[in-house]
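Here is how the chains run, residue by residue.
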Amino acid sequence: MSGVGEGLGRAEVKLRWDPSPYGEPPRHLDIIAATYAVDDLYGRPVYVVHTESRSPDGTITMSRHSETGMGFGFVEVMLLEFDRMSPRYGRVVVGVAIHQDGGPRTFGDLSNAGVVVVEGYRDLLVDDFAQVADATAATVAEFGRDTSGRWGFREMVRGFDADPVLFAAEMGSTRQQ
């Protein structure tokens, strides 16, 4: 995990994609965050945040949500406030899932899709999903606490072939989908 000085305080995950071509069903993507307990970093998530929801303590929130893409830059944004997160949490995995309402869609089917993870003005990750073009969901980032309690970041772009519900349960596992 990489971090700076005192570790990460706050980070944002921003997602963009272009709307569907005329006459096709809307393309709908979601940012999803799964939070894991210190004593079970790779087990089941303690809680999952997605689509206009927030963590129980308000440290992970969706500040912007889109169901169509719109094509106007980053249309979905999740804020993670590690400086306020309880010490009982030791890992957060963030991913993106494509809703499959209009038939099977992969990242390769989308135009102008991309994700950035930023801390202030510093880009931690910039990705266009090209390496997971055949996937229907992908993790993008892993945040973890070190032994002194500081939060760090690790790029974790891994593709999954799962609907959003199954993806949320499996995204923090150690096995590749």
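Here is what the cut-offs are and how they apply
- Residues numbered from 1 in each chain as written.
- Predicted model: local features only at pLDDT ≥ 70, side-chain atom pairs only at ≥ 80, totals over all residues.
- Heavy atoms only, no water.
- Helix = DSSP H or I, 4+ residues; strand = E, 2+ residues; numbered from the N terminus.
- Buried < 20%, exposed > 50% of the residue type's maximum accessible area, 1.4 Å probe, protein only.
- Contact = heavy atoms within 4.5 Å.
- Phe/Tyr/Trp six-rings, centres within 6.5 Å; stacked < 30°, edge-to-face > 60°.
- Lys NZ or Arg CZ within 6 Å of the ring centre and 35° of its normal.
- Pairing = 2+ DSSP bridges.
- Axes fitted to C-alpha atoms, helices over the stretch in contact; angles between N-to-C directions.

K.L.:
How would you explain the environment of A37 if you had to name every residue and give the values?
P.N.:
Considering the arrangement of structural elements, one finds A37 in strand β2 (residues 29-37). When its relative accessible area of 12% is taken as the criterion, A37 is described as buried. Residues A37 and G90, 53 residues apart in the sequence, show an inter-C-alpha distance of 5.6 Å. Filtering out sequence-adjacent residues up to four positions away, A37 remains in contact with V46, R88, Y89 and G90.

K.L.:
Account for the packing of aromatic side chains, with residues named and values stated.
P.N.:
Applying the stated criterion across every chain yields a total of six aromatic pairs. With a centroid separation of 4.7 Å and 40 degrees between ring planes, the pair formed by F82 and F143 is classed as tilted. Taken together, the positions of F82 in the loop between β5 (76-81) and β6 (89-98) and F143 in strand β9 (residues 137-145) put the pair 61 residues apart, joining distant regions of the chain. A relative accessible area of 2% means that F82 is categorised as buried. Pairing F160 with F167 gives two aromatic rings, centres 5.1 Å apart and planes at 70 degrees, and the pair type is edge-to-face. F167 carries the same exposure label as F160, and that label is buried. Counting every residue linked through ring pairs, the aromatic cluster contains F82, F143, W151 and F153. Geometry around Y36 places R91 over its ring, the cationic atom sitting 5.0 Å from the centre.

K.L.:
Describe in detail the environment of F153, supporting the description with residues and values.
P.N.:
Inspection of the secondary structure assignment puts F153 in strand β10 (residues 151-160). Exposure remark for F153: the relative accessible area of 5% places this residue in the buried category. A C-alpha to C-alpha distance of 7.7 Å links F153 and L124, two positions 29 residues apart in sequence.

K.L.:
Tell me what's going on with the sheet that holds β2, and back it up with residues and numbers.
P.N.:
Across the sheet, five strands lie side by side as β3-β2-β6-β9-β10; this open sheet has antiparallel pairing. The two strands at the open ends of the sheet, each matched to only one other strand, are β3 (47-50) and β10. Here the average twist between neighbouring strands, direction ignored, is 20 degrees.

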